[in-house]
Structure formats: C-alpha cells, structure tokens
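Residue-level structure breakdown
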Amino acid sequence: MSGSSPQALVPVTLRREGADQLIIEWSDGHRSVHAWKNLRRHCPCAGCREEREKPPDPFRILKPAELVPLAPVAMAPVGRYAYKITWSDGHDTGIFTLEHLRSLCECPECQKKG
Ligand SMILES: [Zn+2]
C-alpha cells in the first residue's frame, strides 16, 4: 500500500438506516449519523447554493416533487474523495466530498464540538 497516507479518512461502511438516515462508519472508528434532509439542505451544487442565498419568496409555487418527502435513490462514489447523491426528484448534481460529509456529522459527539 504505497502512497496511502495514514491519516486519510475514508468511509468503511455506508448504509441507510430506516427511511431518513444515513450511517457512515469511518476508518478512524467514528460512526457518523446524517439525516438525508440535512444532507440535501447542505447540497453543495451551484443550483442549491443559489437557491439558499435567495430571499424566501412567499409567492413561490411548490413543484409536485417538493410536496412528497425527498428520498435518496442512489449514492455513488466519485473518484476516491467524494460521493454523489441522486434524489427522488431527479436532482443529482450535488457532490459531497468526504470532508464535507464528515463535517456534517450529526452524532452527539460532533454536535458538542459545534
Ligand atoms: Zn444541489
């Protein structure tokens, strides 16, 4: 195993827990918990970033896809450093780097560090 740095943090297991959570077990033994809702809220793609920066529009009409709970349909590795999540509304431009995923961990331990 040449070239692999000892501190490279990689997910060992990724799995869905129930309908609304993702569990990631990391190479350092940390087990992170993510609500899909929260991942989508932090979607790093340009479209979602723009959406978040816009002031809320009270006259905006919800698209039918926004009325049903959003669910992930696929989570595919992108190279060795990121994952792409495809959502039930067809959104698939959000690429979450491992670093970003880890920083979004919602386990009590990480929440404390704030
Ligand atoms: Zn997005």
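These remarks concern the structure in this document. Keep in mind it's a predicted model, so treat the numbers as computed, not measured.

Reading guide: rules and limits
Residues numbered from 1 in each chain as written. Predicted model: local features only at pLDDT ≥ 70, side-chain atom pairs only at ≥ 80, totals over all residues. Heavy atoms only, no water. Donors = N, O, S within 2.8 Å, 3.2 Å for Na, K, Ca; no water. Tetrahedral: all angles 85-135°; square planar, octahedral: opposite > 155°, others 65-115°. Core = buried A, V, L, I, M, F, W, Y, C linked by side-chain atoms within 4.5 Å. Buried < 20%, exposed > 50% of the residue type's maximum accessible area, 1.4 Å probe, protein only. Helix = DSSP H or I, 4+ residues; strand = E, 2+ residues; numbered from the N terminus. Phe/Tyr/Trp six-rings, centres within 6.5 Å; stacked < 30°, edge-to-face > 60°. Pairing = 2+ DSSP bridges. Axes fitted to C-alpha atoms, helices over the stretch in contact; angles between N-to-C directions.

1. Looking at the coordination of the zinc ion
The protein atoms that coordinate the zinc ion are Cys43 (SG), Cys45 (SG), Cys48 (SG) and His91 (NE2), at distances of 2.1 to 2.4 Å. Note that the zinc ion binds four donor atoms; their angles at the metal cover 102 to 119 degrees, and the shape is tetrahedral.

2. Let's talk about the nonpolar core
One recurring pattern in soluble globular proteins is that nonpolar side chains are buried together. Counting 15 residues, the largest nonpolar core has Trp36, Leu39, Ile85, Phe96 and Leu101 as the members making the most contacts within it. Listed by contribution, the elements that provide at least two residues to this core are β2 (21-26), α1 (36-41), β5 (82-87) and α4 (98-103). Listed in part, the five residues of the second largest apolar core include Ile23, Cys105, Cys107 and Cys110.

3. What about the packing of aromatic side chains?
For the structure shown, the criterion picks out one aromatic pair. Considering the side-chain rings of Trp36 and Trp87, the 6.1 Å spacing of their centres and the 90 degrees angle between planes classify their relative orientation as edge-to-face. With Trp36 in helix α1 and Trp87 in strand β5, this pair connects stretches of sequence that are 51 residues apart.

4. Examining the sheet that holds strand β3 (residues 31-35)
If you walk across this open sheet you meet the three strands as β1-β2-β3, and the pairing is antiparallel. One side of each edge strand has no neighbouring strand; the edge strands of this open sheet are β1 (11-17) and β3. Sheet twist, expressed as the average angle between the axes of neighbouring strands with direction ignored, equals 20 degrees. As paired strands, β2 and β3 are joined by five bridges and run antiparallel to one another. Residue pairing in the sheet places Ile23 in a bridge with Val33 of β3.

Don't take any of this as a statement about function, it's just geometry.
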